[in-house]
Amino acid sequence: MADIVLVEDEDVPRRYLSEMVKRLGHTVRAAEDAEQGLSFVEEGEPDLVITDQRLPGMSGHDLLVKIKQSHPLVAVVVLTAHSNVDDAVEAMRCGAADYLCKPVNSEELRILIERCVAGLGLRNEVEYYRQRDLPESPLDGIVGDSPQIRALKEMVLKLSRSEKREGGGPTVLLSGETGSGKGLVARALHQSAPRRNAPFVEVNCAALPEQLLEAELLGYERGAFTGAVSAKAGLFEAAENGTVFLDEIGRINLDLQAKVLKVIEDKIFRRLGSTRERVMHCSIISATHLDLDKAVREGRFLADLYHRIRVFRIHCPPLRERGEDVLALAEHYLAKHAAEYGLSAPILSAKVRKRLLEYSWPGNVRELSHAMERVVVLGSYEDLDLDDSFAGFDDGSAGADPQPPDEAGREGVIPGFSIDFSHGPISLEQLNAAIIRQAYDAAQGNRKKTAALLGISLDTLRYRLDKFGIA
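Quick look at the structure, then. (Residues numbered from 1 in each chain as written. Predicted model: local features only at pLDDT ≥ 70, side-chain atom pairs only at ≥ 80, totals over all residues. Heavy atoms only, no water.)

Looking at unusual backbone geometry
At step 1: Cis geometry marks the peptide bond from Lys102 to Pro103; its omega dihedral reads -5°.
At step 2: Note on placement: Pro103 falls in the loop between strand E5 (98-101) and helix H5 (106-132).
At step 3: Phi is positive for Asn241, which is not a glycine, with a value near 65°.
At step 4: Tracing the backbone shows Asn241 in the loop between helix H9 (235-238) and strand E10 (243-247).
At step 5: Relative accessible area serves as the criterion here: at 17%, Asn241 is assigned to the buried category. (Helix = DSSP H or I, 4+ residues; strand = E, 2+ residues; numbered from the N terminus. Buried < 20%, exposed > 50% of the residue type's maximum accessible area, 1.4 Å probe, protein only.)

Following this line, the structure appears as structure tokens:
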């Protein structure tokens, strides 16, 4: 049995629909106008609101927007005349679950109520498990008090409080190196917003093949391609009234970029193999560690899409620029991993704390988390010492595959390496890039040999090759 709020200003249709809902076995609270309907919603959140589109005073459209802002899980169905179907479609753009044309058919009403209530049950179950694991405050998970992090948190709060009149939050682009916490910031943006109870759907654009990524985002109909034995809703649909997080958006190809641009711009898409247009009701957050300005100049990323996804931009600073945040994060991950393993959280010695601050952290927060996990498992639980817990961790050289001297070079020296200052001063960043490039060439593109030449791990080499655009 569902609890339904009915908003209809005309007496006869209101009584008729109320009786129809009761005969279907549901409870109904009938309101004469939008203001009364909104008060019913505030008194006790219903499972479904059915509202006429044309109402005196506040319109059905405005009522829909207010309900979605304060009660995003409540399904709203719009009543309209056949001649005003365009208004109903526009309402669906703003978050309506469906619409019904007058006069209402009892069987159509029954099916619609059952579908809305079934969807509500699924959303409530997902929400229960999601809320169970949420921190008390969405910003609690962003650890640190450096000026960069304070500014980042302030921006998150400003954006999360900003909702469009038709529903949904601002479009945000998160930039920053791999492992700098872009996914954490995306979740904080969602969980701080009025739409926090709606789904948060994360898509790793770099992890899926291009054809599969398109099918996952847009969905598909039965028979759309070989293997499509049944229809499937896409992730834009799964994120109804919530947020889609497009992680590593810089990795998708130009054809799919054009399709994503159209969806974001028009809020309309079609499943693969379908001619029916569907309305997207979700906010978009994107993230990348790539330089999209450079990608646009080189023709690898659409300028229109770039400008559309970076309406607001938040930069996630690398860990090496966050000062003593490193220590706060280390303590945070020590406690977290100790709890996961059922162990006591170790104490960081002064020596280890000093080393944490000196290390450059090429893998950023993700690398620190993994390092603290190793400390919990391998370290002394009374007091940590750098030598017993950070073997191979101190200079990033763990995991390098030693090569015979004739392959790796004598004592790691790159034959013939020299620095040319004839064209002016050279920054350390340029020098690092030059050294890595020459080592890579000397090893003929063999990454293991390159890592051995430089005395660094393969993971560190991969990071630096990507950073400097080598290979």
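Describing the sheet that holds E5
At step 1: Strand order across the open sheet formed by five strands is E2-E1-E3-E4-E5, with parallel pairing between neighbours. Strand pairing shows two members of the sheet lacking a second neighbour, strand E2 (27-31) and E5, which therefore form its edges. On average, each strand axis in the sheet is inclined to that of its neighbour by 20°, with strand direction left out of account.
At step 2: Examined bridge by bridge, strand E1 (residues 3-7) and E2 share five bridges and lie parallel to one another. (Pairing = 2+ DSSP bridges. Axes fitted to C-alpha atoms, helices over the stretch in contact; angles between N-to-C directions.)

Focus: a nonpolar patch on the surface
At step 1: On the surface, Tyr341, Leu343, Val377 and Leu378 cluster together into a nonpolar patch covering about 370 Å² of accessible area.
At step 2: Note that Tyr341 resides in helix H13 (residues 325-341).
At step 3: Its relative accessible area of 42% is what places Tyr341 among the partly exposed residues. (Patch = residues over 30% accessible without salt bridge, like charges linked within 9 Å, V, L, I, M, F, W, Y side chains within 5 Å. Areas by Shrake-Rupley, 256 points an atom, 1.4 Å probe, with all protein chains shown as cover. Salt bridge = Lys/Arg side-chain N within 4 Å of Asp/Glu carboxyl O.)

Here we look at the sheet that holds E10
At step 1: Across the sheet, which stays open at both edges, the five strands sit in the order E7-E10-E13-E6-E14 with parallel pairing between neighbours. Each edge of the open sheet is held by one strand with a lone partner, namely strand E7 (200-204) and strand E14 (312-315). Direction aside, neighbouring strands of the sheet carry axes that sit 20° apart on average.
At step 2: Here five bridges tie E10 to strand E13 (residues 283-288), and the two strands are oriented parallel to one another. Within the sheet, the bridge partner assigned to Phe245 lies in E13 and is Ile285.
At step 3: Helix-sheet contacts for helix H7 (residues 182-191) involve strand E6 (172-175), E7, E10, E13 and E14, and the interaxial angle to E6 is about 155°. (Contact = heavy atoms within 4.5 Å.)

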